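Here are the chains, one letter per residue:
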Amino acid sequence: MIITTDVKTKCDVRDCKNPAECYFEIKGRVGSKLFLCKQCLEKLTGDVLKRKVPKSPQNAIKRKMEQKREEQYYGEN
């Protein structure tokens, strides 16, 4: 999804003048690309990870315990 570029171009983020290191394709016109420098890519990644809701490990533990109970229940009949 994110592709390293060897084309000399600037980062497309507002007020950033660093050279772009990677890009990804966007919807719209054919061949549209969004170029990002290393710093902007790291900031974007950090923002995405902050917004992602982590799954609770308790749910996985409860699921395993329920599976074991069901297996024991079926084994008794």
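Residues numbered from 1 in each chain as written. Predicted model: local features only at pLDDT ≥ 70, side-chain atom pairs only at ≥ 80, totals over all residues. Heavy atoms only, no water.

**Observations concerning the overall build of the chain**
Scanning the chain for helices and strands turns up two helices and three strands. Put simply, the chain runs from its N terminus to its C terminus through helices and strands in the order β-β-β-α-α. Relative to a compact globule of 77 residues, whose C-alpha radius of gyration would be 11 Å, the chain shows 23 Å and is clearly more extended. For the chain, with 77 residues in total, the buried portion stands at 14%. When contacts within the chain are restricted to residue pairs at least 6 apart in sequence, those whose partners lie at least 24 apart make up 15%. For the chain, the computed accessible surface area is about 7500 Å², with 53% contributed by carbon and sulfur atoms. Put simply, the chain has 18 plus and 11 minus side-chain charges, and the middle of one group is 6 Å from the middle of the other. (Helix = DSSP H or I, 4+ residues; strand = E, 2+ residues; numbered from the N terminus. Rg over C-alpha atoms; globule rule 2.2 N^0.38 Å. Buried < 20%, exposed > 50% of the residue type's maximum accessible area, 1.4 Å probe, protein only. Contact = heavy atoms within 4.5 Å. Areas by Shrake-Rupley, 256 points an atom, 1.4 Å probe, with all protein chains shown as cover. Lys, Arg positive; Asp, Glu negative; His and termini not counted. Charge placed at Lys NZ, Arg CZ, Asp CG, Glu CD.)

**Details of the side chain of Thr5**
By the element assignment, Thr5 lies in the loop between strand S1 (3-4) and strand S2 (22-25). Here the side chain of Thr5 touches Val7 through a polar contact of 3.1 Å, landing on its backbone nitrogen. Not counting residues up to four positions away in its chain, the partners in contact with Thr5 are Ala20, Glu21, Cys22, Tyr23 and Phe35. (Polar contact = N/O pair within 3.5 Å; in protein donor to acceptor, adjacent residues only side chain to side chain.)

**Here we look at the sheet that holds S1**
Ordered by their spatial adjacency, three strands build an open sheet running S1-S2-S3, and the pairing between neighbours is antiparallel. Here the strands that pair on one side only, and so sit at the sheet edges, are S1 and strand S3 (33-36). Summarising the sheet, S1 and S2 pair through two bridges and their orientation is antiparallel. Within S2, the position partnered with Ile3 by the bridge is Tyr23. (Pairing = 2+ DSSP bridges.)

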